[in-house]
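Structural overview for review
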Amino acid sequence: MNTQKWITHFESNTRLNHDLPLPDEPCTLPDHVRIPLAKSLATFQLGESGGGTRLRRYTRSIATLENLRGYQRAVDLFVAEEQSHAALLARAVTHLHGALLRKQWTNSIFRWLRDLVNLEFNIQVLLTAELIAEVYFGLLALRCSDPVVQTVAKKLLRDEMGHLSFQRDFLFERLKTLTPAMQRLWRWQFQLIHLGTAFVVAWDHRDCLHSLGVTPADFRSRAVRCWNVFQTRLERRLREFDAQDRQALVSTPGYSRSNSAVIQSPTS
Ligand SMILES: [Fe+2]
Ligand SMILES: [Fe+2]
């Protein structure tokens, strides 16, 4: 994994969030839009505000792996970027005269779920939330007329798309070591958890979505499309890696088709 690329990216990108200028205009949204929007953004703000303690602890367990050298530093910077999102969202909630949250049920489930298995699962749950965030901030950027919310949503959308790419790089490194059957199993549970999350988020944020003219069903189908794009790209990389691996094996001196049944790629 090219962790240096991500370290450089996070170092320069997060700085922009700290100084992001927001339009100096009062909120003019009608209450039937402003109130559910503020509540919805406050939930996302809480989700972004974690300290990443467990994620950092998990990453220490793989710090010695050669192909993930520098990953720990990249994760530290990634967590800092998520915290800068929390700060930006707090500014948006305040602008909407909303209240910040200290606890919220979907956020509690999300945190519990993340620590259920291991680092890969923690990243996967995080990734699920980021795929949902891509749809959510994309909709806000498109449909919310408030310039402050729009500015924040556009920046967060760009950043989360970067995060999706960061998580894909990591998952590729981990999944390429699995057999195709295990990769399919991983895909299946990832899809199931993502679908469940999209359902819960669409329901929990239904008032905000309605105020933006979006139905929960529309939100869910957009979420499924984003998941498909992500998964298709990940699987393409895994297929390419598998093909290269086979090619390298065929070029190995002493290898022939006749003994291919004996010498097999670890990913075959
Ligand atoms: Fe974020
Ligand atoms: Fe993120």
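Note: the structure precedes this text.
Below is a summary of the structure that appears in this document.

Here we look at the overall build of the protein chain
Counting its secondary structure elements, the protein chain contains ten helices and zero strands. Starting at the N terminus, the α and β elements of the protein chain follow one another as α-α-α-α-α-α-α-α-α-α. Principal-axis analysis of the C-alpha atoms places the extent of the protein chain at approximately 75 × 35 × 30 Å. Within the protein chain, the proportion of its 268 residues that are buried is 48%. Residue pairs at least 24 apart in sequence account for 82% of intrachain contacts in the protein chain once pairs closer than 6 positions are excluded. Accessible surface, the protein chain: about 13700 Å² in total, of which carbon and sulfur atoms supply 57%. Here the protein chain contributes 34 positively and 26 negatively charged side chains, and the mean placements of these two sets differ by 4 Å.

A word on helix α2 (residues 31-48)
With 18 residues, α2 extends 25 Å between its outermost C-alpha atoms, agreeing within 8% with the 26 Å of an ideal straight helix rising 1.5 Å per residue. With 13 of 18 residues buried, α2 is to be regarded as a mostly interior element.

Points about the environment of Phe 241
Mapped onto the elements of the fold, Phe 241 is located in helix α10 (residues 216-250). Considered as a pair, Phe 241 and Trp 112 are 129 residues apart in the sequence and their alpha carbons are 34 Å apart.

Examining the coordination of the iron ion (ligand 2)
Taken together, the protein ligands of the iron ion (ligand 2) are Glu 82 (OE), Glu 130 (OE), Glu 160 (OE) and His 163 (ND1), with distances of 2.0 to 2.2 Å. Viewed at the metal, the four donor atoms of the iron ion (ligand 2) are separated by angles of 90 to 157 degrees, and the geometry they form is irregular. Going along the chain, you hit the donors of the iron ion (ligand 2) in the pattern E-x47-E-x29-E-x2-H. In this structure the iron ion (ligand 1) is found 3.3 Å away from the iron ion (ligand 2), and Glu 82 serves as a bridging donor for the pair. Of the two residues, Glu 130 is situated in helix α6 (residues 119-143) and His 163 in helix α7 (residues 147-175); the sequence distance between them amounts to 33 residues. For the pair Glu 130 and His 163, one class covers both residues: buried.

A closer look at the coordination of the iron ion (ligand 1)
Those protein atoms acting as donors to the iron ion (ligand 1) are Glu 48 (OE), Glu 48 (OE), Glu 82 (OE), His 85 (ND1) and Glu 160 (OE), and they sit at 1.9 to 2.5 Å. Taken in sequence order, the residues that donate to the iron ion (ligand 1) follow the motif E-x33-E-x2-H-x74-E.

Conventions adopted
Residues numbered from 1 in each chain as written. Chains lettered and ligands numbered in written order. Predicted model: local features only at pLDDT ≥ 70, side-chain atom pairs only at ≥ 80, totals over all residues. Heavy atoms only, no water. Helix = DSSP H or I, 4+ residues; strand = E, 2+ residues; numbered from the N terminus. Buried < 20%, exposed > 50% of the residue type's maximum accessible area, 1.4 Å probe, protein only. Contact = heavy atoms within 4.5 Å. Areas by Shrake-Rupley, 256 points an atom, 1.4 Å probe, with all protein chains shown as cover. Lys, Arg positive; Asp, Glu negative; His and termini not counted. Charge placed at Lys NZ, Arg CZ, Asp CG, Glu CD. Expected span 1.5 Å × (residues − 1). Donors = N, O, S within 2.8 Å, 3.2 Å for Na, K, Ca; no water. Tetrahedral: all angles 85-135°; square planar, octahedral: opposite > 155°, others 65-115°.

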